[in-house]
Amino acid sequence: MKIFTLTFLILMLTITGVIQCQEQQREEKPLDKKTIVNAGKVIRMHFEEAERDSLLDNVNNFLENYEKNRQVEIKNSVAPALQFNPIPGWMEIQKSQRELNWELPDNVKLPENKSQLAFYSVPELAMLIRSEKITSEELTKLYLDRLKKYGDTLKCVISLTEYLAIKQAKRADEEIASGSYRGPLHGIPYGLKDLFKVEGYKTTWGAAPYKSQELEGNATVYQKLKEAGAVLVAKLSMGALAWGDVWYGGTTKNPWDLEQGSSGSSAGSASATAAGLVGFSLGTETYGSIVSPSTRCGVSGLRPTFGRVSRAGAMALSWTMDKIGPICRTAKGSAIVFDKIKGNDDIDLTTKDYPFNFDASQEVKNLKVGYLKDLFEQDYRAHKNDSIALNKLREMGIQLEAVSLPDDLPVRSLDFILDAEAATAFDKLTRTGQDDKLTRQVKNAWPNVFRAARFIPAVEYIKANRLRTLLMNEINKLFREYDAIVTPSFGGNQLLLTNLTGHPCVVIPNGFDDKGHPTSISFIGNLYEEGSLLELADAYQEKTDHEDQRPGFFKE
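Residues numbered from 1 in each chain as written. Predicted model: local features only at pLDDT ≥ 70, side-chain atom pairs only at ≥ 80, totals over all residues. Heavy atoms only, no water.

Engineer: Talk me through helix H15 (residues 446-453); I want residue IDs and the actual numbers.
Structural biologist: By the burial criterion, the buried members of H15 are Trp446, Pro447, Val449, Phe450 and Ala453. Down the axis, H15 shows its buried residues gathered within 170 degrees of arc, on one side only. Residues of H15 that are buried sit in contact with helix H13 (416-425) and helix H14 (427-431). (Buried < 20%, exposed > 50% of the residue type's maximum accessible area, 1.4 Å probe, protein only. Helix = DSSP H or I, 4+ residues; strand = E, 2+ residues; numbered from the N terminus. Arc of directions from axis to C-beta. Contact = heavy atoms within 4.5 Å.)

Shown next, in the form of structure tokens:
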């Protein structure tokens, strides 16, 4: 029996080897004209017999070049020799930097129950630390305790950075005590979405194939926050490879409803901020990944203009669409954080160092504000709260003018630009079959999208980007007429459109639906004019209290 088993095993291994060899040989054989016919169906192109005969050698040469290129190991951090610039040639960008005016609150008092500090805004925490009513170390330990207590409940923490946090907090206290105050982020604990490099800690990208990955160096935004004196307490969960709220550790939860995910991909950043586990956080957006989780979790987020914040040291998903921004309790908090992370970076060549002007005393009734009337008139979940928000803006003296986004160019049909770039960023993952290790394997998830994207012709990708240029020209002609445009956070094509064109967006909570879930409203506007959007959002929050609400389970 043993001899038979061994003989059978050898036979099977031989057959398997022959089959694999045959498959390899089939793969290495040049393409024939029949293959060209089938490939033409994929790209909706018909070639005559003579044309197929002529192009066959060229296509096979392409295949040889593909194989040669694949022999070169390319890190995710290497950008293509192509740069997206959202600025039309005719547009003039504001070059005058004025003095920033935060109007930080006076005489902020410590609560009797110090655990309530977890829900204080960045401006409030800044004043408490600056006046030395509380130390950074005390505040840091408070947040670390909450991260340990609630992190597993929310599934929002990938790595606690406790040793680093205590070290940074002690240094902040020493500097402040000696009179060396770095500014309103000095000593404030925060969290980073786990696609930013921090040396000495894992950077997992939320994906099982990378869950033990440690990268050299630090992300530029981490370096800038470190220089501002902020204290990193945790690296927070994200949807695997920046899609959704599912990562290898589970689904990150919405603090307002633990049966619901927090949305994504900045899932942990929004969830932890809403639940009072961090003072603020950083997220990223390619196509809704700040707007969506901020909405779901009832916090305030800023998606800056493309190129405003360096992406050096951050996982690349789409080189022409990725953007980094703050997620905070308030719009003013987002403005303070943004001021410290924006600016030029020699590593990320898309960055531009234009002025950021924010004045909390601005008379927002003097701003020219439009609103997307056709979207607000549709039937959708947040319709009631959005209508109330529009009325509140009018009560504030703002004259809202009805506007519409351009609709003569396709927008939805351009979304494969993201698919093509993301598939390129994770090309090796697909070719090696490591994409099977990703938690989400449904049809509408990265593994399948990466595979499908390999059938996008380069010609169609480039053509889509030419259409994108036309779209940018149209949308900029509209936006230059207004300081801000109010929009439902979702609906129509505005979210995809403004991510494709690189325009900034501020998203803030504006109430709850009939199921107790937060809703939001958004302000979009001109390239590099985040200040006007944040001033408008801040003024609105001064007249409302939506940002002050706290999810019940996490109040203590």
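Engineer: Before we move on, can you summarise the packing of H13 against helix H16 (residues 458-479) with the specific residues and values?
Structural biologist: Between H13 and H16, the least distance of the axes is 10 Å, while the angle of their chain directions is 130 degrees. In terms of their interaxial angle, H13 and H16 are classed as oblique. As H13 runs across H16, the sense of the crossing is left-handed. Counting all contacts with H13, which are made through Phe416, Ile417, Ala420 and Glu421, the residues of H16 involved are Glu460, Tyr461, Ala464, Asn465 and Arg468. A class-by-class count of the residues in the contact of H13 with H16 yields 5 nonpolar, 1 polar and 3 charged. (Axes fitted to C-alpha atoms, helices over the stretch in contact; angles between N-to-C directions. Parallel < 35°, antiparallel > 145°, perpendicular 65-115°, else oblique. Left-handed = near helix turned anticlockwise from the far one by under 90°. Nonpolar A, V, L, I, M, F, W, Y, C, P; charged D, E, K, R; others polar.)

Engineer: Now, about the pattern of salt bridges: what can you tell me, with residues and values included?
Structural biologist: Counted according to the given criterion, the structure contains 21 salt bridges. Measuring nitrogen to oxygen at the nearest pair gives 3.3 Å for the salt bridge that ties Glu138 to Lys114. Taken together, the residues Glu138 in helix H5 (residues 136-154) and Lys114 in the loop between helix H3 (49-70) and helix H4 (122-130) connect sequence positions 24 residues apart. Counted as one network, the salt bridges with shared partners bring together Lys33, Glu49, Arg52 and Asp53. (Salt bridge = Lys/Arg side-chain N within 4 Å of Asp/Glu carboxyl O.)

Engineer: Any chance you could break down the confidence of the model for the protein chain for me, citing the residues and the numbers?
Structural biologist: Per-chain confidence: the protein chain averages 94 in pLDDT, with 95% of residues scoring 70 or above. Ignoring residues within four places in sequence, the model shows residues 1-26, a span with pLDDT below 50, making 0 contacts including any to other chains. (pLDDT = per-residue confidence, 0-100.)

Engineer: Run through the pairing of strand S2 (residues 189-193), naming residues and quoting values.
Structural biologist: With respect to burial, S2 is a largely interior element, 5 of its 5 residues being buried. Of the pairings in the sheet, the one linking S2 to strand S3 (residues 231-236) comprises 5 bridges and is parallel in character. In the strand pairing of S3, Leu192 is matched with Lys235. Crossover handedness for the path S2 to helix H7 (residues 220-227) to S3: right-handed. In this structure, S2 lies alongside strand S8 (residues 280-285), joined through 3 bridges in parallel fashion. Bridge pairing links Gly191 to Ser281 in S8. (Pairing = 2+ DSSP bridges. Right-handed = clockwise from strand over helix to strand, strands pointing away.)

Engineer: Can you explain a nonpolar patch on the surface? Please cite residues and give values.
Structural biologist: On the surface, a nonpolar cluster with roughly 380 Å² of combined accessible area is contributed by Val42, Ile43, Met45 and Phe455. Take Met45: it is sitting in the loop between helix H2 (33-42) and H3. (Patch = residues over 30% accessible without salt bridge, like charges linked within 9 Å, V, L, I, M, F, W, Y side chains within 5 Å. Areas by Shrake-Rupley, 256 points an atom, 1.4 Å probe, with all protein chains shown as cover.)

Engineer: Summarise the packing of aromatic side chains; cite the residues concerned and give the values.
Structural biologist: For the structure shown, the criterion picks out 17 aromatic pairs. Between Trp243 and Trp446, the aromatic rings sit 4.8 Å apart at their centres with planes inclined by 75 degrees, giving edge-to-face as the arrangement. Of this pair, Trp243 sits in the loop between S3 and strand S4 (246-247) while Trp446 sits in helix H15, and the two are 203 residues apart along the sequence. Overall, the relative accessible area of 6% leaves Trp446 in the buried class. Ring pairing ties together the aromatic residues Trp205, Tyr210, Trp243, Phe426, Trp446 and Phe450, which thus form one cluster. Sitting over the ring of Tyr482, Lys368 keeps its end group 5.2 Å from the ring centre. Across from the ring centre of Tyr371, 5.5 Å away, lies the NZ or CZ of Arg394, which sits over that ring. (Phe/Tyr/Trp six-rings, centres within 6.5 Å; stacked < 30°, edge-to-face > 60°. Lys NZ or Arg CZ within 6 Å of the ring centre and 35° of its normal.)

Engineer: Break down the environment of Gln434 for me, citing the residues and quoting the values.
Structural biologist: On the secondary structure map, Gln434 appears in the loop between H14 and H15. Note on Gln434: relative accessible area 30%, which makes it partly exposed. Remark: the alpha-carbon pair of Gln434 and Ala208, spanning 226 residues in sequence, is separated by 9.3 Å. With near-sequence residues (within four places) excluded, Gln434 lies in contact with Pro209 and Leu429.

Engineer: A description of the sheet that holds S8 should follow, citing residues and the corresponding values.
Structural biologist: If you walk across this open sheet you meet the 11 strands as S1-S3-S2-S8-S10-S9-S14-S15-S13-S11-S12, and the pairing is mixed. Of all strands in the sheet, those with a lone pairing partner are strand S1 (157-160) and strand S12 (400-403), marking the two edges. Within this sheet the neighbouring strands show an average axis-to-axis angle of 30 degrees, counted without direction. Packing of H5 onto the sheet brings it into contact with S1, S2 and S3, and relative to S3 it is tilted by some 15 degrees.

Engineer: I'd like a description of the side chain of Gln168, backed by residues and values.
Structural biologist: Along the chain, Gln168 falls in helix H6 (residues 162-177). By relative accessible area, which is 11% here, Gln168 ends up buried. Those residues in contact with Gln168 that lie beyond four places of it in its chain are Tyr222, Lys226, Ala230, Val231 and Leu232.

Engineer: Tell me about helix H18 (residues 530-542), and please be specific about residues and values.
Structural biologist: Its 13 residues place the ends of H18 18 Å apart at the C-alpha level, agreeing with the 18 Å of an ideal helix rising 1.5 Å per residue. Of all 13 residues making up H18, 12 are buried, and the element is well covered by its neighbours. (Expected span 1.5 Å × (residues − 1).)

Engineer: Could you give me a rundown of unusual backbone geometry, with the residues and numbers involved?
Structural biologist: Residue Ser265 follows Gly264 across a cis peptide bond; omega there is 10 degrees. Within the fold, Ser265 resides in the loop between strand S7 (257-261) and helix H8 (267-274). The residue Glu132 is not glycine, and still its phi comes out positive at about 60 degrees. Examined against the element boundaries, Glu132 turns out to sit in the loop between H4 and H5. Positive phi values are uncommon outside glycine, yet Leu241 reaches one of about 55 degrees. Position of Leu241 relative to the elements: it lies in the loop between S3 and S4.

Engineer: Give a detailed account of the pairing of S8, specifying residues and quantitative values.
Structural biologist: For S8, a buried count of 6 out of 6 residues is recorded, marking the element as mostly surrounded by other parts of the structure. Summarising the sheet, S8 and strand S10 (residues 323-328) pair through 5 bridges and their orientation is antiparallel. Bridge assignment links Leu282 to a residue of S10, and that residue is Pro326.

Engineer: Kindly report on the environment of Ser115, identifying the contributing residues and their values.
Structural biologist: Its place among the elements puts Ser115 in the loop between H3 and H4. The spacing of Ser115 and Glu49 is 66 residues in sequence and 76 Å in space, taken between C-alpha atoms. When near neighbours in sequence (up to four residues on either side) are disregarded, Ser115 contacts Leu142, Arg146 and Glu556. For Ser115, the side chain forms a polar contact with the side chain of Asn113, separated by 2.8 Å. (Polar contact = N/O pair within 3.5 Å; in protein donor to acceptor, adjacent residues only side chain to side chain.)

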